[in-house]
Amino acid sequence: MRKFRLGLALFSIIAIAIFAIGLISAKTSSESTKLLQESLEEALVNQYALEGRYPASLQELLSDESIHYDAERYIVRYEVLAENLRPRIIVIERGGN
């Protein structure tokens, strides 16, 4: 009976540790996505302040601001509605990582 309790306790500790690692990984991933989003938004504002216009494309924003990101990990959408309106930037982490 004592070995059973010891085994059960050990199993519980391992299960909790695995669960905690999963939570930490998810939080880190979410924070990375948020950081990329914020960096792109800041670069957009900086470029508007310097040039008086928004970049016409994501490629222009990235090259002018020297921003690099892992395109295999993130999907970045840059939606331009009109030349005089602030573009919308959407960052999504790809699944399966």
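Everything below is about the structure printed above this text.
Please read all numbers here as calculations on a predicted model, not as lab measurements.

### Quick look at the overall build of the protein
For the protein, the count of helices and strands is two helices and two strands. Beginning at the N terminus, the succession of helices and strands in the protein can be written as α-α-β-β. Put simply, of all contacts in the protein between residues at least 6 apart along the chain, 41% involve residues at least 24 apart. A total accessible area of about 7500 Å² is found for the protein, and carbon and sulfur atoms account for 60% of it.

### With respect to the packing of aromatic side chains
In this structure the tally under the stated criterion is one aromatic pair. Plain terms: the ring middles of Tyr48 and Tyr54 are 4.3 Å apart, the flat faces sit at 20° to each other, and that makes the pair stacked. The class for Tyr48 is partly exposed, based on a relative accessible area of 38%.

### With respect to the environment of Glu79
By secondary structure assignment, the location of Glu79 is in strand E1 (residues 74-79). As for Glu79 and Ala56, which are separated by 23 residues in sequence, their C-alpha atoms are 9.5 Å apart. In this structure, Glu79 is in contact with Pro87, Arg88 and Ile90, ignoring residues within four places of it in sequence. Side chain to side chain, Glu79 and Arg77 meet in a polar contact 2.8 Å long.

What counts as what
- Residues numbered from 1 in each chain as written.
- Predicted model: local features only at pLDDT ≥ 70, side-chain atom pairs only at ≥ 80, totals over all residues.
- Heavy atoms only, no water.
- Helix = DSSP H or I, 4+ residues; strand = E, 2+ residues; numbered from the N terminus.
- Contact = heavy atoms within 4.5 Å.
- Areas by Shrake-Rupley, 256 points an atom, 1.4 Å probe, with all protein chains shown as cover.
- Phe/Tyr/Trp six-rings, centres within 6.5 Å; stacked < 30°, edge-to-face > 60°.
- Buried < 20%, exposed > 50% of the residue type's maximum accessible area, 1.4 Å probe, protein only.
- Polar contact = N/O pair within 3.5 Å; in protein donor to acceptor, adjacent residues only side chain to side chain.

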